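# Residue-level structural notes
Here is how the chains run, residue by residue.
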2 protein chains.
Amino acid sequence: MTHGGNIDSVFDGLMRGDRRSLAQSLSLIESTHRSDKDAAASLLERIAVWHSKRKAEGVQTPSRRIGITGAPGVGKSTLVEQFGLDLIGRGHRIAVLAVDPSSPKTGGSILGDKVRMPKLSVRDAAFIRPSPSKQSYSGTSDSTPDAILVCEAAGFDTVIVETVGVGQSATETANLVDLVILLVMPSSGDEVQGIKRGIMEVADVVAITKMDLDMAAASKTLAVYASALRLMMASRSEWKSPVISISATSSDGLTALHEVVDQFFSPQRRSTIESERNIQLRRCFDEMMKRSLTRFLTMDRELSNKLAQLYVQVSNGLVPPSAAVHRFLQRLNIIVKEKL
Amino acid sequence: MTHGGNIDSVFDGLMRGDRRSLAQSLSLIESTHRSDKDAAASLLERIAVWHSKRKAEGVQTPSRRIGITGAPGVGKSTLVEQFGLDLIGRGHRIAVLAVDPSSPKTGGSILGDKVRMPKLSVRDAAFIRPSPSKQSYSGTSDSTPDAILVCEAAGFDTVIVETVGVGQSATETANLVDLVILLVMPSSGDEVQGIKRGIMEVADVVAITKMDLDMAAASKTLAVYASALRLMMASRSEWKSPVISISATSSDGLTALHEVVDQFFSPQRRSTIESERNIQLRRCFDEMMKRSLTRFLTMDRELSNKLAQLYVQVSNGLVPPSAAVHRFLQRLNIIVKEKL
């Protein structure tokens, strides 16, 4: 897909909340074609300017970016659907950037969302998008921050990013959203373990799911998590991460979740959230810049061979990292001087 | 200091365990002079080759790299001294890469170490080095991995890296050493909190200090930490991080610490530790390479201005990170093409 000239019409469509323009925009920012990159940057710049103009004019409804993460089978989709329907009932418009863990290769089949969130997917005030195929295992990708901006431009005031809570994903998710909800399965006794360190670090809310199945186990799990969280200070702000128990199927406890979310996004916390977003932006920029420059420099065949060779030597302990970097920069200097 | 030609003699001195050569080597790798960088890389390459030759021949005594971290005043120096003296008594040679938190600017005064570790600093089997001045707040610096290699080459089989456990430092420390010991002050009741998330993540051993001052508080703190750690799986391996209580002044509980450390470094765990070190090497290489390339590219005045300008725009939300990176690369392409 090449969009060169019709960025204007795509942008106008987004402003009208046109779903076709939204889908086109998302395809554009996810595209790896060289020719699309420029169009994507132009579109995103227009959106960013629009966002900041609205903010300056004070007309911007503060958007909410919510991450929902947890192990496969914990009930993420069930919660997203019920939570999303509730929010629609309260006048919100919900975009869900979802990943279907059952098909990591294709990044979520199109049918998948209809099956996973049958009631939400048919609503006008909801938009569900499976992750692009170049996603990382967790379901987030380089284009997710841009996808969030695009959805907000199309009038969705709440963006839910659903990821599988394994490995790096929790931290990745925390860098994308304002609020991270960690879903945890109830378990009894000593089994209340199996959670990777790193996930607790970034959870702004821990929700024990399926409390209706085993109330005793849910209470026990809740107590253990509450005591662990009490031990640790919130990583991001003065926010004290609460632990609640929910049951999306019977919608018990969802009231508590809504209360916590509203509290998190209360007007007094707005400036904290804004400054946290600015930190995310800078972090994201640094990270993407470093990666892109590495790619850029190693487009030279000799340099990329040198890099690969050094990488092997470093891995084998034959060259310390600092010496390897020094040698690479020496070679780079010579090549640049030769060519200039 | 320029070492150009006498790398051979410095290396030979290191092999003999000569302290003057050791100090020279450390100054060399910490030097920011351009002319020293090449000599430092040569020295480190010789050391790395020597290390791997010894490993291949099976004569290498497995080294131990231990990080000791915790808040100021928790008793790090007291523990390092007593722990170090014990190890010397058991036939080890100890290098301490220490940071004096009281003088963050100079990176630890020379007098400081004599005051902080009076008994250890006079021993032949010990070497104490304050951090270089370009240290980060935590006390680690880019040259710390190299400093560890140099100390090991000089015959110190145990290297202790002492850092202040704040902010990023715990994670940084974990990337440098095999084993991280987190020291925690006893406190009673609800006060058992104040610990930054992130530190628990990387602690291989949690030691509650000063148990002789308030046994009740120490026991309470121990229980809370033990229950929090039980909840989380070890981040790095199958190792289950234990919580112990110690008192370095009365040397009570140090026996338990030695047992845990010996267990961690037991022969069965050697291959795990080795593969963890290889991961650290690759991670360190990636990180240093990315930073160096960014520095290299932004030596061009126009590009560095462009980067600074984009950084401000990104921070203000006027340009999304992905678009900013795209714009920078476009400019870079033009400059490179113009110059070629």
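Residues numbered from 1 in each chain as written. Chains lettered and ligands numbered in written order. Predicted model: local features only at pLDDT ≥ 70, side-chain atom pairs only at ≥ 80, totals over all residues. Heavy atoms only, no water.

Each helix and strand in chain A was counted, giving 14 helices and nine strands. Buried positions account for 56% of the 340 residues belonging to chain A. Taking contacts inside chain A between residues at least 6 apart in sequence as the whole, the part at least 24 apart equals 76%. (Helix = DSSP H or I, 4+ residues; strand = E, 2+ residues; numbered from the N terminus. Buried < 20%, exposed > 50% of the residue type's maximum accessible area, 1.4 Å probe, protein only. Contact = heavy atoms within 4.5 Å.)

Before going further, it helps to examine the sheet that holds strand β4 (residues 158–164) of chain A. Residue and element names in this part refer to chain A. Sheet architecture is open: seven strands sit in the order β3-β2-β4-β1-β5-β7-β9, paired in parallel fashion. Of all strands in the sheet, those with a lone pairing partner are β3 (126–130) and β9 (243–245), marking the two edges. Across this sheet, the average inter-strand angle for adjacent strands is 20°, counted without regard to direction. Strand direction decides the pairing type here: strand β2 (residues 94–98) and β3, joined by five bridges, are parallel. Residue pairing for β3: L97 is matched across the bridge by R129. Strand contacts of helix α11 (residues 254–264): β1 (64–70), β5 (179–184), β7 (205–208) and β9, with the helix running at about 155° to β5, the strand carrying the most contacts. (Pairing = 2+ DSSP bridges. Axes fitted to C-alpha atoms, helices over the stretch in contact; angles between N-to-C directions.)

Turning our attention to the environment of H258 of chain B. Residues and elements named next belong to chain B. Examined against the element boundaries, H258 turns out to sit in helix α11 (residues 254–264). Separated by 175 residues in sequence, H258 and F83 have C-alpha atoms that sit 8.2 Å apart. Among all residues touching H258, those that are not within four sequence positions of it are F83, D86, L87 and R90.

A few words now on helix α7 (residues 144–153) of chain B. Residues and elements named next belong to chain B. Most of α7 is tucked away: nine of the ten residues are buried. Within α7, the full set of buried residues consists of T144, D146, A147, I148, L149, V150, C151, E152 and A153. G155 occupies a position one or two residues after α7 and carries a positive phi of about 95°.

Our focus in this paragraph is the confidence of the model for chain A. All names here are of chain A. When pLDDT is averaged along chain A, the result is 81, and 79% of the positions lie at 70 or above. Mean pLDDT across the secondary structure elements of chain A bottoms out at strand β6 (residues 195–196), with 56, and peaks at helix α1 (residues 7–16), with 94. Of the regions scoring below 50 in pLDDT, residues 101–111 engages in 13 contacts with residues more than four places distant in sequence or in other chains. A low-confidence stretch, residues 133–139 stays under pLDDT 50, and its non-local contacts, those more than four residues away or across chains, total 20 contacts. Here the predicted complex scores 0.69 on pTM and 0.76 on ipTM. (pLDDT = per-residue confidence, 0-100.)

All names here are of chain B. Counting buried positions along strand β1 (residues 64–70) yields seven of seven residues, so the element is predominantly enclosed. Bridge count between β1 and strand β4 (residues 158–164): seven bridges; the pairing is parallel. Bridging from a neighbouring strand, G70 pairs with V164 of β4. With five bridges joining them, β1 and strand β5 (residues 179–184) adopt parallel strand pairing. Looking across to β5, one finds that G67 is bridged to V180.

As a further point, take the side chain of S245 of chain A. Relative to the helices and strands, S245 of chain A resides in strand β9. Beyond its immediate sequence surroundings of up to four residues, S245 of chain A is in contact with I208, M211, L222 and G253 of chain A.

What follows concerns the sheet that holds strand β2 (residues 94–98) of chain B. All names here are of chain B. The strand order β3-β2-β4-β1-β5-β7-β9 describes an open sheet built from seven strands, whose pairing is parallel. Looking at the sheet topology across the chains shown, the edges are occupied by β3 (126–130) and β9 (243–245). Strand-to-strand twist across the sheet, computed as the mean angle between neighbouring axes with direction ignored, equals 20°. As judged from the four bridges shared by β5 and strand β7 (residues 205–208), these two strands associate in the parallel manner. Within the sheet, the bridge partner assigned to V184 lies in β7 and is I208. The sheet contacts of α11 involve β1, β5, β7 and β9, and relative to β5 the element is tilted by about 155°.

Turning to the pattern of salt bridges, a few remarks are in order. Scanning the model with the defined rule gives 22 salt bridges over all chains in all. A salt bridge links E274 of chain A to K55 of chain A, with the nearest nitrogen and oxygen atoms 3.3 Å apart. Taken together, the positions of E274 of chain A in helix α12 (residues 270–297) and K55 of chain A in helix α3 (residues 34–57) put the pair 219 residues apart, joining distant regions of the chain. For E274 of chain A, a relative accessible area of 23% puts it in the partly exposed group. On the basis of relative accessible area, K55 of chain A is assigned to the partly exposed category, the value being 46%. E30 of chain B is paired through a salt bridge with R129 of chain B; the nearest N and O atoms lie 2.9 Å apart. Of the two residues, E30 of chain B sits in helix α2 (residues 19–30) while R129 of chain B sits in strand β3, which places them 99 residues apart along the sequence. R129 of chain B matches E30 of chain B in its accessibility class, with the two residues each being buried. Several salt bridges converge on common partners, so that one network encompasses D38 and E45 of chain A together with R327 of chain B. (Salt bridge = Lys/Arg side-chain N within 4 Å of Asp/Glu carboxyl O.)

What follows covers the environment of V177 of chain A. All names here are of chain A. As for its position among the elements, V177 is in the loop between α8 (169–174) and β5. Note on V177: relative accessible area 0%, which makes it buried. As a C-alpha pair, V177 and I273 span 96 residues in sequence and 9.7 Å in three-dimensional space.

This next bit is on the packing of helix α1 (residues 7–16) of chain B against α2 of chain B. Describing two packed helices takes the angle between their axes plus the distance from one axis to the other. Residues and elements named next belong to chain B. Between α1 and α2, the least distance of the axes is 8 Å, while the angle of their chain directions is 125°. Classified by the interaxial angle, the pair formed by α1 and α2 is oblique. Crossing hand, α1 versus α2: left-handed. Contacts from I7, S9, V10, G13 and L14 of α1 reach α2 at S21, L22, Q24, S25 and L28. Considering only residue class, the contact of α1 with α2 consists of five nonpolar, five polar and no charged. (Parallel < 35°, antiparallel > 145°, perpendicular 65-115°, else oblique. Left-handed = near helix turned anticlockwise from the far one by under 90°. Nonpolar A, V, L, I, M, F, W, Y, C, P; charged D, E, K, R; others polar.)

This next bit is on the packing of aromatic side chains. Residues and elements named next belong to chain A. The full count for this structure, using the stated rule, is eight aromatic pairs over all chains. Summarising the aromatic geometry, the rings of F264 and F265 are spaced 5.2 Å apart at their centres and angled 70° between planes, so their arrangement reads as edge-to-face. The same class applies to F264 and to F265, which are both buried. An aromatic cluster is defined as three or more aromatic residues linked by ring pairs; in this entry it consists of W239, F264 and F265. Its end group placed over the ring of F264, R269 keeps NZ or CZ at 4.4 Å from the ring centre. (Phe/Tyr/Trp six-rings, centres within 6.5 Å; stacked < 30°, edge-to-face > 60°. Lys NZ or Arg CZ within 6 Å of the ring centre and 35° of its normal.)

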